[in-house]
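Structural description and commentary
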Amino acid sequence: MAKYNSENGLRVGYSVEDGIGEVEIDPRLPLLQDADLRDKVVLLRVDHNVVKKGKILDQYRIDVTLPTMYNIVERGGRPIIMTHIGRPYDKKTKTISTLQDESVDAVVAYLQRKLHIKFAVPRFSTTEKNGILDIDTSINWLIHDLKSRKIGGIYLPNSRWFAGEEDKGDKLNRFVIQLSALADVYVNDAFGSWQPHGSTYHIAKYLPSYAGLCMQGELYHVQSVLNPSKPFVAIVAGAKYDTKIGPLKEIYKKVDKLVLGGLIYNTYLCAKYGVKIAGVEESDIELAKELVEQDKLHKKILELQVLVETDTLEGRFEGKFRTIDVKDFAPGQTYKYVVDVDPVSFERDEVKQEMNSAKTIFVNAVMGLMPHFWHGTSKMDEVIDKNRSAQKFFGGGDTLQTFKSLHPALYEAALNNIKYYLFTGGGTVLKVIEEGDPMGLETVKALIDNKANYFKRSQNN
């Protein structure tokens, strides 16, 4: 962070070194620090998607946006905040639900307790199938109170409750135009929301737009995953193989060792050893054969040898689960559900050596089926932490929530440890790896294009 220097040159105070330093970022990106915010209404898009069944699972993604909020208010801006929560749009019925469990109320309550500032949530009319069709003009009363400082901020309803948020036609255009009319400036601090939706992408066509401080930090740190210090170990898990094909191909090129978990690992094992594991689709096995062939040549995949097989997904019942060893696999064998990696897998000499020698470790993984099969993930976190010299990057809501629930003390320590960085969006990191350039994200390109367009207009004027 830049040192403090008094304008009159007198040494009346001093700055404190925080160990962070200046964040170097692509000069094409418009930054919050350069925005004129005094007496401006600022539409701030965040990723506070941390609510499940009306309760906050992990406040981390809220807390990391507080510096942006403070910066806006400290420099005279008046914030209108919005986030998405859950997936209220049903693809089968093509309807939008507006359930209380997916409202922003829990987030607003947390912010009010944390900041001792009063927020107001507008009431908009909802339809049975299309959610909120229009931003009602009644919000102008709240904006008046916001400007006169009777309230500290406005927090809009769940962005995905609006019919235009994920639409691609007239509803989108109407929503974005109405949204832009609320504010003077737009700030995107939602690194985890990389999809080009109304409030993350299209809005930047209508307002002067900037990257928030959280967004800047994420874009800066993801460069260390794209260009890691070697040796580089990545740990990736997931519930569907086909959704991870692109990122896996690119990660494989960069890593020295790749560790797989979850159904992704099960799929890989089926493709390599010719076994059948419950829950693994044949189409995914065919897709995974390319990775198997690739690894025959480069031998980068670090196999976790001992797994946990269970007869049921309902829970961890004595007599219903057992350990199995990959070395016993033979073509044609059939297994029930493989739901975890046994902790002993991380004790193997080869695994410990690779983990301990890594200079960069990226984790986007929960190894077992939570909450009953947590033992493999717990051991993984412990082994990673023992490597004190590596730069460790954790990403993804499930990854962080599981990390916190299994090792609360270690999680809290990681928040203030420069050897750890916790990304707010693991899926976004994988998308960046797939694209090869964080500035290639559609939501980021929208900010860059906005800056270029406003620069052209100012020159013409």
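The structure contained in this document is the topic of the report that follows. Per chain, the residues get numbers from 1 upward, laid out in the order the sequence is written. The predicted origin of the model limits local features to residues at a pLDDT of at least 70 and limits the giving and counting of side-chain atom pairs to 80 or more, whereas totals for whole chains, interfaces and linings rest on all residues. The basis for every side-chain value is the complete set of non-hydrogen atoms in the structure, without hydrogens or water.

Details of the packing of aromatic side chains
Here a Phe, Tyr or Trp ring, Trp counted by its six-membered ring, pairs with any other such ring whose centre lies within 6.5 Å, and the pair is stacked when the planes are under 30 degrees apart, edge-to-face when over 60, and tilted otherwise. Scanning the entire structure with this criterion turns up 13 aromatic pairs. Here the aromatic rings of Phe191 and Phe423 are separated by 6.2 Å at their centres, their planes lie at 25 degrees, and the arrangement is stacked. Within this pair, whereas Phe191 is found in the loop between strand 9 (185–188) and strand 10 (209–211), its partner Phe423 is found in strand 20 (residues 420–423), the two being separated by 232 residues in sequence. Here the aromatic rings of Tyr265 and Tyr268 are separated by 6.4 Å at their centres, their planes lie at 15 degrees, and the arrangement is stacked. Runs of H or I in DSSP of at least four residues are treated as helices and runs of E of at least two as strands, each being numbered from the N terminus.

Remarks on helix 11 (residues 349–357)
Among the residues of helix 11, Val351, Glu354 and Met355 are the ones counted as buried. Each buried residue of helix 11 sits inside an arc of 95 degrees when the element is viewed along its axis, so together they form one side. Of the exposed residues in helix 11, those oriented more than 90 degrees away from the buried face are Asp349 and Gln353. Throughout, a residue-residue contact means that at least one pair of heavy atoms, one from each residue, lies within 4.5 Å. Residues of helix 11 that are buried in the fold lie against strand 11 (232–238), strand 12 (257–261), strand 18 (360–364) and helix 12 (375–386). Burial classification: accessible surface area is computed with a 1.4 Å probe over protein chains only, and a residue below 20% of its type maximum counts as buried, one above 50% as exposed, and the rest as partly exposed. Directions from the helix axis toward the C-beta atoms define the arc.

A look at the pattern of salt bridges
Take a side-chain nitrogen of Lys or Arg and a carboxyl oxygen of Asp or Glu: if they are within 4 Å of each other, that pair is a salt bridge. A complete count under the given rule lists 23 salt bridges for this structure. Across the pair Glu290 and Lys249 runs a salt bridge whose closest N-O atoms are separated by 3.8 Å. One end of the pair, Glu290, is in helix 10 (residues 282–298); the other, Lys249, is in helix 8 (residues 245–254), with 41 residues separating them in the sequence. With a relative accessible area of 47%, Glu290 lands in the partly exposed category. Taking the relative accessible area as the measure of exposure, Lys249 reaches 37% and is therefore partly exposed. Here Lys352 and Glu347 are joined by a salt bridge, their closest N and O atoms 3.8 Å apart. Residue classification places Lys352 among the partly exposed residues on the basis of a relative accessible area of 32%.

Considering the sheet that holds strand 20
Strands sit in the order 12-11-18-19-20 across an open sheet of 5 strands; the sheet is parallel. Among the strands making up the open sheet, the edge pair consists of strand 12 and strand 20. Sheet twist, expressed as the mean angle between neighbouring strand axes with direction ignored, is 15 degrees. Whether two strands pair comes down to DSSP finding at least two bridges between them. Of the strand pairs in this sheet, strand 11 and strand 12 are connected by 5 bridges, and their pairing is parallel. Counted as the bridge partner of Ala234 is Leu258 from strand 12. Note on geometry: axes are lines fitted to C-alpha atoms, helical ones only across the stretch in contact, with angles between N-to-C directions running from 0 to 180 degrees. Along the sheet, helix 11 makes contact with strand 11, strand 12 and strand 18, crossing strand 11 at roughly 115 degrees.

Notes on helix 2 (residues 66–74)
An α-helical turn contains 3.6 residues, so a residue and the one three or four places further along point in the same direction. Within helix 2, burial applies to Leu66, Thr68, Met69, Asn71 and Ile72. Against strand 1 (41–45), helix 1 (60–63), strand 4 (78–82), helix 3 (105–115), strand 9 and helix 6 (213–221) lie the buried residues of helix 2. Of the residues trailing helix 2, Gly76 is marked for its positive phi of about 95 degrees.

A look at the environment of Thr95
Position of Thr95 among the secondary structure elements: in strand 6 (residues 95–96). The spatial distance from the C-alpha of Thr95 to the C-alpha of Glu128 is 8.2 Å, given a sequence separation of 33 residues. Dropping the residues within four chain positions of it, Thr95 is found in contact with Pro88, Tyr89, Asp90 and Lys129. For this analysis, a polar contact is any N or O atom pair within 3.5 Å, provided that within protein one partner can donate a hydrogen and the other can accept it, and provided that sequence-adjacent residues contribute only side-chain to side-chain pairs. Within the structure, Thr95 has its side chain in polar contact with the side chain of Thr93 (distance 2.7 Å).

Structural notes on unusual backbone geometry
For the bond running from Lys230 to Pro231, omega is 0 degrees, close enough to zero to count as cis. For Pro231, the location among the structural elements is in the loop between helix 7 (223–226) and strand 11. Here Met370 and Pro371 are connected by a cis peptide whose omega angle stands at 5 degrees. With a phi close to 65 degrees, Arg149 is a non-glycine residue in the positive phi region. Arg149 sits in the partly exposed class, given a relative accessible area of 49%. In the Ramachandran plot, Lys299 falls in the positive-phi region, its phi being about 50 degrees despite a non-glycine side chain.

Describing the sheet that holds strand 17 (residues 337–341)
Pairing is antiparallel in the open sheet, where 3 strands are placed in the order 15-14-17. The open sheet has two edge strands with one neighbour each: strand 15 (321–325) and strand 17. Here the average twist between neighbouring strands, direction ignored, is 40 degrees. Strand direction decides the pairing type here: strand 14 (residues 306–310) and strand 15, joined by 5 bridges, are antiparallel. When the sheet's bridge partners are listed, Val306 is paired in strand 15 with Asp325.

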